[in-house]
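Descriptive analysis of the structure
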Amino acid sequence: MVWVKRLGIALVLLVLLTLVAVAVTGVVFVRAGFPQTEGERTLAGLDGDVEVLRDGHGVPTIVASSSDDLFRAQGYVHAQDRYWEMDMRRHVTAGRVAELFGADQVETDTFVRTLGWRAVAERELELLEPETIAMLEAYAEGVNAWTEGRSGRQLSLEHALLPLTGAGGYEPEPWGPVDSVAWLKAMAWDLRSNLEVELLRGRLAAADLPGDRDWRELFPDFDGERFPTILAEGGEVTEDGFVPEGTDVQRPVELTSTTDVLAGPPDTGVDAALAEAQRALAASPDLLGDGAAGGLGSNSWVVAPDRSTTGTALLANDPHLGPSQPSLWYQQGLRCEPVGPGCPYHNLGFSFAGLPGIVIGQNADLGWGFTNLGADVADLFVERLDDDHYLTEDGWEPLEQRQETIVVAGGDDVEITVRETRHGPLLSDVSEGASEIADDAPDGEHAVALKWVALEPRPTVDALPHLMRADDWTSFRAAAERFETPSQNMVYADTEGTIGYQAPGRIPVRRAGDGTQPVPGWTGEYGWERFLDFEELPWLLDPDVGYIATANQPALPEGDEPFLTRDANPGYRAERIHELLQERSELSPSDLRDIQIDNHNGNAANLVPALLTVDADHTAVAEMQEVLAAWDLQDDPEAAGAAAFNATWRHLLARTFHAELPEFAHPDGGGRWWEVVRRLLDDPRSVWWDDPTTEERETRDDVLRSALIDAHAELTERLGDPDGWEWGELHTLTLEHGTFGTSGIAPIERLFNRGPLETGGGSDVINATGWNAAAGYEVTWVPSMRMVLDLGDLDAGEWIHLTGQSGRPFHGHYTDQAELWRDGGTIGMAFGAGAVEEAAHDRLRLAPKN
């Protein structure tokens, strides 16, 4: 018995020692790529010493004596914290993901190769100014200085796991300027405006909808009588267009007018080609989020000194993008010491890992922010094909063709043929089903070509250094003029108290049509005449109302020139922002932060009154009405009313539209659908309320009643009695790693993913934690960061982003901002030298390598 006891103890000790060894090995393995943030390192190429001071959240401020050293160090620091993200992005933008993750990624690579993102980026390098090239090259030198001598787990945990995907032996190539420039192609693609909606219209036009349903009613025009446009805070319509009161504004009116032409013959060959183009868009990479979901937007506003409690200009910005782990953004300060002609930069703001400079933020003179303008900068052309030719107004022309080879980890190389017309690459070729498109349609084979401004090389990257060192409104506009793709709303505030707005971008003027539907490519009718000149684009300076607000609503009133798009956001967020900005005669920075996390549901304001009038002849209806009547219309995470309403909304959409529409057109529940249903509420016997699968003729109240009952049943099953309903239990956010976090292998996913977090907010709420009603309640896009600047005190800014600075799992800054972000909190922005020193937690000296 003694021997048995001793053996048992020995075995227990052996197991414990093994577990300790495994744990220690795991810690060493995981920490191998963690950055050095204190002490001293040498960095090849430096001309002088550089300091990297990080605050308690890992936000670095880089201090250097030359511009080249500043950007070398930025490349080094980005690689320290985010190298896997950077390496993965350049594989995405080059169409080379399959060489890391195998055959499942071939279709995504085919999509990117078809559009030729990297090829366009390579041509753009030839157009850039010398200082921009120097910035890109210095940045690349810094990245490569960090990777030198590193491999596998020293690069990242993800690189160490690549042998599991069949990519064993992978060694990253040196970073180059084109790797940075290509990232802007991805950014432009994910902010591409209305392609999905354009395809949806084209397919619905060819669909056989039951009864007298008119698909056009599902795409309501912007209601300019209710919702504010960006340049419509007050003023009058003159023969020269809308002129805001007390403003210095430039906006032309003598431009080629657009029409309401909706073209594209509704035959099976065309619809098959459109269906393949739709599948191709689904295969496209979503590095910023799902452009199809309708959620990619943003909020920003600037407040003049006479409307602020500080007596200075204020600026707020929160871009809405897809959630990711790590966050898309990287907070960073860049400071020349001293600032002068040879080194003119002193900036603090948000950057992208992989791209030098600051994208959104402030310098010593001004601050700036972005929201998506949503200008229609892409069109789909239906082409008639005959073998390797396509029909034009001039007759049959040969298709341009090129061959591409996709390397596949663990498999054979895949050869693809990319075909193009004068309009652009054939998007419908991307999907594996493209070869099955019927070629016996009445007009022969069809395909869909994409014409998109970002496929033509333009020197957009030049905007970054100009923007970073702009010192007044004039130089800011000069920088904005260079920002051609993607088209954005840019807000401005400076230390002198000036506020402004500029809409830059390369925006086409069409010969005919308005870009809302695919058009025939063989007639020559629907091409592009030219692009708007920068001086033709809307801008606004110091309006009398004392603020400017953008939330992806139209920039201009309906009918005003220039024409930008028919598919802007319907305006609910903009309406609420205006309401909150006008509630107080003076606004503090704290007020602006509170507005950013406002959860008011404008859809509920339309729909709840109608829901409360439904006959309570069913226990479920009565209980739902009791919860909704007590609700304040705020989508707070703990709100029972928010759970009740949003569940009702989801079931209402299913009851009203799923039987009538093909699956590809099922509602996502965003702002456009708020407007569709708001208008249907005024017509209780509209054909849309009727279920075509039943013999009865359903009315509005029948559908509202059924939706309440359906929602009650779902909530009771999932959450129990109404006393326990909370919106946050349904509306959860999982911080999902874009590659290994979606592997389907639970132990691997647990290494990288975090959450779920119970959140408030919702689709087209200011706190825009969007969700897709066709899929569930889970968060699909988010306010990716929040920032509030006080231009009178550059150290008083506040900011936050979704996760944390580090892209390295288990690092202390991997998710240390996530819960603070969820709760609406922020951290301080240290700008000046004294504030940076005071906030410094770690200090790393980078010295020249002899």
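In what follows, the structure referred to is the one given above.
Model, not experiment: these values are computed from the prediction.

**A word on the overall build of the chain**
Scanning the chain from N- to C-terminus turns up 23 helices and 33 strands. When contacts within the chain are restricted to residue pairs at least 6 apart in sequence, those whose partners lie at least 24 apart make up 73%. Accessible surface, the chain as shown: approximately 31,400 Å² in total, 47% of it carbon and sulfur.

**Observations regarding the pattern of salt bridges**
Taken as a whole and judged by the stated rule, the model has 54 salt bridges. Arg576 is the salt-bridge partner of Asp598, the closest N and O atoms lying 2.9 Å from each other. Within this pair, whereas Asp598 is found in the loop between α14 (589-596) and α15 (602-612), its partner Arg576 is found in helix α13 (residues 572-583), the two being separated by 22 residues in sequence. The residues Asp598 and Arg576 share a single accessibility class, namely buried. Salt bridges here are not isolated pairs; linked through shared partners, they connect Asp87, Arg90, Arg118, Glu122 and Asp179.

**Description of the environment of Leu802**
Along the polypeptide, Leu802 turns up in the loop between β31 (798-801) and α22 (818-822). By relative accessible area, Leu802 is classed as buried at 2%. Each C-alpha atom of the pair Leu802 and Arg822 lies 8.1 Å from the other, and the pair is 20 residues apart in sequence. Excluding its chain neighbours within four sequence positions, the residues that come into contact with Leu802 are Pro323, Ser324, Ser327, Leu733, Leu735, Val782, Ser784, Gln817, Ala818 and Trp821.

**Examining the sheet that holds strand β8 (residues 329-336)**
The strand order β1-β33-β2-β3-β8-β9-β10-β11-β19-β20-β24 describes an open sheet built from eleven strands, whose pairing is mixed. Both outer strands of the open sheet, β1 (39-43) and β24 (539-541), are each paired with one neighbouring strand and no more. Pairwise comparison of adjacent strand axes, ignoring direction, gives a mean angle of 20° for this sheet. In the packing of helix α12 (residues 473-481) onto the sheet, contacts are made with β11 (366-372), β19 (488-494), β20 (499-502) and β24, and the angle to β20 comes to roughly 20°.

**A short note on the packing of aromatic side chains**
Summed over all chains, the structure comprises 28 aromatic pairs. With centroids separated by 5.4 Å and ring planes inclined at 80°, the aromatic side chains of Trp183 and Phe352 adopt a geometry described as edge-to-face. You can see Trp183 sitting in helix α8 (residues 177-190) and its partner Phe352 sitting in strand β9 (residues 346-352), a full 169 residues away along the chain. For Trp183, a relative accessible area of 3% translates into the label buried. Considering the side-chain rings of Phe222 and Phe227, the 6.2 Å spacing of their centres and the 45° angle between planes classify their relative orientation as tilted.

**Notes on the side chain of Thr732**
Along the chain, Thr732 falls in strand β26 (residues 732-735). If we ignore the near neighbours within four places in the chain, the residues touching Thr732 are Pro756, Leu757, Glu758, Tyr777, Glu778 and Val779.

**Things to note about the state of the cysteines**
Summed over all chains, the structure comprises one disulfide. Each sulfur of the disulfide joining Cys336 and Cys343 lies 2.0 Å from the other. Here Cys336 and Cys343 share a disulfide; its torsion about the S-S bond, -75°, makes the bridge left-handed. The class of Cys336 is buried, set by a relative accessible area of 1%. Looking at Cys343, the relative accessible area reads 3%, which means it is buried.

**Regarding helix α19 (residues 700-719)**
In this model α19 runs 28 Å from its N-terminal to its C-terminal C-alpha over 20 residues, within 8% of the 28 Å that 1.5 Å per residue would give. Taken together, the buried positions of α19 are Arg700, Val703, Leu704, Ser706, Ala707, Leu708, Ile709, Ala711, His712, Glu714, Leu715 and Leu719. Packed against the buried residues of α19 are α15, α16 (619-629), α17 (640-658), α18 (671-681) and α20 (727-730).

**Here we look at the sheet that holds strand β17 (residues 424-425)**
With antiparallel pairing, three strands are arranged side by side in an open sheet as β15-β16-β17. Every other strand in the sheet has two partners, leaving β15 (400-406) and β17 as the edge strands with one partner each. Those strands touched by helix α4 (residues 106-115) are β15, β16 (414-421) and β17, and its axis lies near 140° from that of β15.

**Considering the nonpolar core**
Generally speaking, a soluble globular protein has its nonpolar side chains buried in company with each other. Core analysis: the biggest nonpolar cluster contains 142 residues, and Phe111 and Trp452 have the highest contact counts within it. At nine residues, the largest contribution of residues to this core is made by α8. If sequence neighbours within four positions are ignored, Trp452 has contacts with Leu115, Trp117, Lys185, Ala188, Trp189, Val377, Ala378 and Trp528. By size, the runner-up hydrophobic cluster in this structure holds 55 residues, among which are Leu633, Ala643, Leu680 and Val703.

**A closer look at the packing of α15 against α17**
Between α15 and α17, the shortest axis-to-axis distance is 11 Å and the interhelical angle comes to 80°. With respect to α17, the axis of α15 lies roughly perpendicular. Here α15 contributes Asn603, Ala604, Leu607, Val608 and Leu611 to the contact with α17, which in turn contributes Phe645, Thr648, Trp649 and Leu652. Here the residues of the contact of α15 with α17 sort into seven nonpolar, two polar and no charged.

**A few points about the pairing of β31**
Residue alternation in β31 divides its side chains into two sets, Glu798 and Ile800 and Trp799 and His801, and both sets are buried. Relative to β31, strand β30 (residues 785-790) runs antiparallel, the two sharing four bridges. Residue pairing in the sheet places Met787 in a bridge with Trp799 of β31. Relative to strand β32 (residues 827-828), β31 runs antiparallel, the two being bridged by two bridges. The partner of Trp799 across the bridge, within β32, is Ile827.

**Focus on the side chain of His712**
When you line up the elements, His712 lands in helix α19. Non-local contacts of His712, meaning those with residues more than four positions away in its chain, are made with Ala620, Glu623, Met624 and Trp725.

**Considerations on the packing of α16 against α19**
Two quantities define a packed helix pair, namely the angle between the axes and the distance from one axis to the other. The interhelical angle for the contact between α16 and α19, taken along N-to-C directions, is 85°, at an axis separation of 9 Å. With respect to α19, the axis of α16 lies roughly perpendicular. The residues of α19 that touch α16, namely those facing Ala620, Val621, Glu623, Met624 and Leu628, are Arg705, Leu708, Ile709, Ala711, His712 and Leu715. Each residue belonging to the contact of α16 with α19 can be placed in one class, and the counts come to eight nonpolar, one polar and two charged.

**Describing unusual backbone geometry**
Cis geometry is found at the peptide bond from Glu561 to Pro562, where omega equals 5°. Mapped onto the fold, Pro562 is located in the loop between β25 (547-550) and α13. Omega for the peptide link from Gly755 to Pro756 comes to 5°, which places this bond in the cis form. Not every positive phi belongs to a glycine, and Asp387 is a case in point at roughly 60°. Positive phi, close to 70°, is recorded for Asn552, a residue that is not glycine. Within the secondary structure, Asn552 is located in the loop between β25 and α13.

Definitions and cut-offs
All residue numbers refer to positions counted from 1 along the written sequence of the respective chain. Note on the predicted model: pLDDT of at least 70 is required for a residue's local features to be given, and 80 or more for side-chain atom pairs to be given and counted; whole-chain, interface and lining totals, by contrast, use all residues. The side-chain values count all of the structure's non-hydrogen atoms but skip hydrogen atoms and water molecules. Helix numbers and strand numbers start at the N terminus; a helix is a DSSP run of H or I with at least 4 residues, a strand a run of E with at least 2. Note on definitions: a residue-residue contact is assigned when non-hydrogen atoms from the two residues lie within 4.5 Å. Surface exposure here means Shrake-Rupley accessible area, sampled with a 1.4 Å probe, where a residue is shielded only by the protein chains that are shown. Here, a salt bridge means any Lys or Arg side-chain nitrogen found within 4 Å of an Asp or Glu carboxyl oxygen. Note on exposure labels: buried denotes an accessible area under 20% of the residue type's maximum, exposed denotes more than 50%, and partly exposed covers the range between, all computed with a 1.4 Å probe on protein chains only. Pairing between strands is defined by DSSP: at least two bridges between the two strands are required. For helices, the axis comes from a line fit to the C-alpha atoms of the stretch in contact; other axes are also lines fit to C-alpha atoms, and the angle between any two N-to-C directions lies between 0 and 180 degrees. Two rings from Phe, Tyr or Trp (for Trp, the six-membered ring) form a pair when their centres sit within 6.5 Å of each other. Planes less than 30 degrees apart are called stacked, planes more than 60 degrees apart edge-to-face, and all others tilted. Any two cysteine sulfur atoms within 2.5 Å of one another count as a disulfide. How far a helix is expected to stretch is found by multiplying one less than its residue total by 1.5 Å. By nonpolar core is meant a set of buried Ala, Val, Leu, Ile, Met, Phe, Trp, Tyr and Cys residues that side-chain atoms within 4.5 Å join together. Our angle categories are set so that under 35 degrees counts as roughly parallel, over 145 as roughly antiparallel, 65 to 115 as roughly perpendicular, and the remainder as oblique. Each residue gets one label: Ala, Val, Leu, Ile, Met, Phe, Trp, Tyr, Cys and Pro are nonpolar, Asp, Glu, Lys and Arg are charged, and the others, such as Gly, are polar.

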